Amino acid sequence: MYNHKTNFLRAIALLVLLPLMSMAHGQEETWRLNLKDADIRAFVTQVADITGYSFVVDPRVKGKVTVLSSAPMTKDEIYDLFLAVLNVHGFTAIPGEEVIKIVQQVDAKQSAESLKRFKTTPSEQLITRVIQVDNANALELVPILRPLVAKYGHLAGVAAANALIISDHRSNIERIEQIVRELDSPSKYEVEVIQLKEAWVGDMVTLLKELAPDELGKAGADNAARKYSVTADERSNRLILRGDESFREKMRELIAKLDQPSATGGTTKVLRLKHADAKNLTDILKGVMGEVIKEGGTGGSSGGTAGNPNNNFSVFADEGLNALVVRGDPSLMQEAEQIVNELDVRRAQVMIEAAIVEISDELGRDLGVQLAVGDESGSSTPVAGTNFGNVGRSLGDVLSAILSNSVITPAVGGITVGAGERNENGVSWGVLLQALATSSAANLLSTPSIITLDNQESEITVGQNVPFRTGQYTSTGDSATNPFTTIERRDVGLTLKVTPTISADGLVRLVVEQTTESVADSIENASDIVTNKREIKTTVLADDGETIVLGGLTRDDLQVTKSKVPLLGDIPVLGRLFSSESRNRVKRNLLVFLRPTIMLGKGEAHAATNRKYKALWDVDLGTREKLGLPKSDKQPAIDRLFDHSSEEGAQAQ
C-alpha cells in the first residue's frame, strides 16, 4: 500500500511540474523549478528523479517548501538549490557511498560524508575540513572565528598541530579560510645573538623564562614556543633570541641588567654522590678540567685547582660523606655537574658461578714371589734368595721373620701366601707369594659462586690453612741449647679470582684466575708436605647467562715395573717364581666451567638471591629427611636467616 501511495504522489508532482519544465537545446539538459507550499518529501522525490541520486529521509524531515526559478538550471545547479532549500528549513543532506541521507542540521556533524560522487563539491554541502595555521596561534583564532560558524557547525583548535577543525557549508568554510589566511600573516621575526660577559647562559635562560612568562611560557608549554624563543649556546656562553623587534628589545634590556659580575667571585656547590666514589671522581674532574696546580686538604678530603688560573675552578672530595665540593665560574661548574651526572650512576653487578669437575680412576696390580735360603751352622750365615722391592714385602722382611721365628705381616690389598722351615742342621728356607690389586675412583665437584661490581676484581677462597716448615735448628755437640723450627702457613684449597667487564651489548669480558690445590698423600723421601696444584689464568668472553668451559686436563699414566732373576726369570711358567711385576694406571679428568649473570638493577639481584636461598632450603629439606626430622612445607622468608630468636625457636621445636 505504501508503494502505491508513493507512486501516486510522484504522478501528482509530475502533472504539476511538467508544464513548468523545458528542455535546453544544447549538450546539457536543464530544468526550471517553481513550487509553492509543496510537501518537502515530494520536493525530495522530484530532485531524485532529476539528479538520479538515491535519498534516505529522516522521519523528522517534514514541512512545506516554496521554490521560484526563472532561469533554466543544470542538474548540479538544481542539487545546489536543493541543499539551499533544506538549509533554510533546518535540514541538510549527507552524501554516503550509495545513498544520501537527509537529516536535521543539528545531527549532521556526527555523520561522515563521502564526496566522490560530485565533480565539484556543492557550495551548500555540509563538510568538515582541517585548516593549517602556519604563523599565528590556532587556539587564539578559535574565539575570533566561532561567531562566523553556523550554530549546528563545529570549530575547534588543535594545539599540537597548530590547526583548526571546522564543520560547515563549503561556501562558509571558504570564507573562513580566507579570513585565516589574512590573520596568519608572518611577523618580522629575526634571530639575534647576545654574548654574555659575566652571567652563565644556563642560569640566564631560567631567569628570562621566569621574568617573561607571557612571551616564553613555562617549561613544557606550547602556547608561545612558535613565536618567541631564547636558546642557550653553552659552548660559547651566548644567548640566541628569536622574535619580533619588541620582544628582542625587551630581552636585551633584561639581559643588560642581569649580566653583571658575581658578588662572590664564583659559585660553590656540594654535590652528593649516590653511587660513584668521591676520591676517584675528584681525580677524573681534575684531569678533565686541566692540569692540577695545587693539591691539599686534610681529614679525609683531597682536591685541587685545575686548568687555567683565570678559570678559578677547584674540586675537593669529602670521603666521609662521599660528596664533592666544587667551586668555579658558572661555565666550568655546568660542565663539572654534567660530568658528575654522567658518572654517578648505579653500577651493574655480575654473579659468576663456577663448576670445577674432577674425575679420577686409579688401578694397580702386583704379583711377585720372594725366595730365601740360609745356613746358620758355620761361622758365618750365608744367605741366598730373591729380593724384589716393587711388590709387597721385601726379602729383608722374610729373613727377619725366619730368624725371629715370627709370622710375617701380609701386604695390604691382596693375598699373601708364605711357607718356611728351620731344621736341626741350621738350614732355613722360606718362600712368599704375593698377589695384590688396588683400585680407587673419585668424582669431585666444586661450585663456588661470587657477586661483584662491573670492572671490579673479586676473590673467593675455600680450603685449609696448612703449615709448611721453612727452617729448622736442632741441638748439636757444640753446646747449642735452643733448637727451633720455623713454620709458614699457607691457604690450600680452591681459589677463584675474577674481574668482569660488561659491554654495551650485554657481553661479559672475564679475566679469570682459578686455582685448585690439595695436600697429596705422603711421598717417599719427602721432607715436608707435598701439594697438588692445578691453575688456570685466562681471559674469555661470554654472553649473559651463557655457560662456557675455561679449559681442562686429561691425564692417563701407565707405569709397569718388572723385576726378575737373570736367566731363571725367562723360563716359561717357572720363571714367574723368580720374577716380580707391578702395574699402576692413573686416569684423571679435570674441567672448569663458568657462567656469568648480569644484574643491572635491584630486581635482578633480588631474584638471584632468592634462587640461591631456595637451593639452600632444598638441601635443608633433604638433610632433615635423612635424619628423620620433621619438615616444613612452607619456605620461610629469607630475613629469617638474620633472626636469631626465630632460629632458637626452630631448634626448640
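Labelled according to an unreviewed UniProt entry, the chain appears under the name Type II secretion system secretin GspD, originating from Marinobacter koreensis. Turning to the chain, the UniProt record has this under Subcellular location (unreviewed entry): "Cell outer membrane".

Draft legend 1. Here's a closer look at the overall build of the chain. When helices and strands are tallied, the chain shows 13 helices and 27 strands. Taking all 653 residues of the chain together, 32% fall into the buried category. Here the analysis covers contacts within the chain between residues at least 6 apart in sequence; of these, 62% occur between residues at least 24 apart. For the chain, the accessible surface area stands at approximately 40100 Å², while carbon and sulfur atoms represent 52% of it.

Draft legend 2. Main features of the sheet that holds strand E4 (residues 91-95). The mixed open sheet is built from three strands, whose spatial order is E2-E5-E4. Of all the strands in the sheet, just strand E2 (55-57) and E4 have a single pairing partner and so form its edges. Averaged over neighbouring strand pairs, the angle between their axes works out to 25° when direction is ignored. The sheet contacts of helix H2 (residues 40-51) involve E2, E4 and strand E5 (100-104), and relative to E2 the element is tilted by about 170°.

Draft legend 3. Structural detail: a negative patch on the surface. Taken together, the side chains of Asp505, Asp543, Asp544, Glu546 and Glu604 make up a negatively charged region of the molecular surface. Take Asp505: it is sitting in the loop between strand E23 (484-502) and strand E24 (507-519).

Draft legend 4. Region of interest: the environment of Val512. Relative to the elements of secondary structure, Val512 occurs in strand E24. A C-alpha to C-alpha distance of 4.6 Å links Val512 and Val498, two positions 14 residues apart in sequence.

Draft legend 5. Focus on the pairing of strand E8 (residues 163-169). Burial analysis of E8 places six of its seven residues in the buried class, the great majority of the element. Direction of pairing for strand E6 (residues 126-132) relative to E8: antiparallel, over a ladder of seven bridges. What sits directly across from Thr128, in E8, is Ser167. Counting the residues between successive antiparallel strands, the hairpin from strand E7 (residues 154-158) to E8 contains four residues, one of them, Asn162, with a positive phi of roughly 50°.

Draft legend 6. Main features of the pattern of salt bridges. Counting across every chain of the model gives 15 salt bridges. We note a salt bridge from Asp58 to Arg60, for which the minimum N-O separation is 3.1 Å. Between Glu353 and Arg595 there is a salt bridge whose closest N-O contact spans 2.9 Å. Here Glu353 is found in strand E17 (residues 349-375), whereas its partner Arg595 is found in strand E27 (residues 579-599), with 242 residues between them in sequence. Residue class for Arg595 comes out partly exposed when judged on its relative accessible area of 33%. Bridged by salt links that share partners, the residues Glu192, Glu245, Arg248, Glu249 and Arg252 form one connected network.

Draft legend 7. Expanded view of empty space enclosed by the protein. Here the structure, examined in full by the defined rule, presents one cavity of 30 Å³ or more. In this structure, the largest cavity spans a volume of roughly 50 Å³. Every residue along the wall of the largest cavity is listed here: Ile94, Ala108, Lys109, Ser111, Glu113, Leu126, Ile127, Thr128 and Ser167. In terms of residue count, E6 provides more of the lining of the largest cavity than any other element does, three residues in total.

Draft legend 8. Inspection of the packing of H2 against helix H3 (residues 75-88) at higher detail. Direction vectors running N to C along H2 and H3 enclose 160°, while the axes themselves pass 10 Å from each other. It follows from the interaxial angle that H2 and H3 lie roughly antiparallel. Crossing of H2 over H3 shows left-handed handedness. Facing Ile40, Phe43, Val44, Val47, Ile50 and Thr51 of H2, the residues of H3 in contact are Lys75, Ile78, Tyr79, Phe82, Val85 and Leu86. Of the residues in the contact of H2 with H3, the class split is 10 nonpolar, one polar and one charged.

Draft legend 9. Structural view of the packing of aromatic side chains. For the coordinates displayed, the defined rule picks out six aromatic pairs. Here the aromatic rings of Tyr79 and Phe82 are separated by 6.0 Å at their centres, their planes lie at 40°, and the arrangement is tilted. Of this pair, Tyr79 and Phe82 both sit in helix H3, three residues apart, which is roughly one turn of that helix. Accessibility expressed as a relative area gives 2% for Tyr79, which makes it buried. Aromatic rings pair up to connect Phe43, Tyr53, Phe55, Tyr79, Phe82 and Phe118 into one cluster.

Draft legend 10. Broad picture of the side chain of Thr516. Within the secondary structure, Thr516 sits in strand E24. For Thr516, a relative accessible area of 12% corresponds to the buried category. In terms of polar contacts, Thr516 uses its side chain to reach the side chain of Gln514, at 2.7 Å. Discounting chain neighbours no more than four positions away, the residues touching Thr516 are Ile356, Gly493, Leu494, Asn532, Lys533 and Arg534.

Draft legend 11. Representation of the sheet that holds strand E10 (residues 229-233) in the model. The sheet built from three strands is open, its strands ordered E9-E11-E10 with antiparallel pairing. With partners counted over all chains shown, the strands left at the sheet margins are strand E9 (190-195) and E10, one partner each. Sheet twist, expressed as the mean angle between neighbouring strand axes with direction ignored, is 20°. Of the pairings in the sheet, the one linking E10 to strand E11 (residues 238-243) comprises five bridges and is antiparallel in character. Along E11, the bridge assignment pairs Asp233 with Arg238. Here helix H8 (residues 245-258) sits on the sheet and contacts E9, E10 and E11; the angle it forms with E11, its principal contact strand, is near 155°.

Cut-off values and rules
Residues numbered from 1 in each chain as written. Predicted model: local features only at pLDDT ≥ 70, side-chain atom pairs only at ≥ 80, totals over all residues. Heavy atoms only, no water. UniProt positions renumbered as here; feature names shortened; annotations may be inferred. Helix = DSSP H or I, 4+ residues; strand = E, 2+ residues; numbered from the N terminus. Buried < 20%, exposed > 50% of the residue type's maximum accessible area, 1.4 Å probe, protein only. Contact = heavy atoms within 4.5 Å. Areas by Shrake-Rupley, 256 points an atom, 1.4 Å probe, with all protein chains shown as cover. Pairing = 2+ DSSP bridges. Axes fitted to C-alpha atoms, helices over the stretch in contact; angles between N-to-C directions. Patch = residues over 30% accessible without salt bridge, like charges linked within 9 Å, V, L, I, M, F, W, Y side chains within 5 Å. Salt bridge = Lys/Arg side-chain N within 4 Å of Asp/Glu carboxyl O. Lys, Arg positive; Asp, Glu negative; His and termini not counted. Charge placed at Lys NZ, Arg CZ, Asp CG, Glu CD. 1 Å grid on protein atoms, 1.4 Å probe; cavity = no way out; pocket = protein on both sides within 12 Å on 5 of 7 lines; lining within 4 Å. Points joined across faces, edges and corners; volume = space filled by probe spheres on them. Parallel < 35°, antiparallel > 145°, perpendicular 65-115°, else oblique. Left-handed = near helix turned anticlockwise from the far one by under 90°. Nonpolar A, V, L, I, M, F, W, Y, C, P; charged D, E, K, R; others polar. Phe/Tyr/Trp six-rings, centres within 6.5 Å; stacked < 30°, edge-to-face > 60°. Polar contact = N/O pair within 3.5 Å; in protein donor to acceptor, adjacent residues only side chain to side chain.

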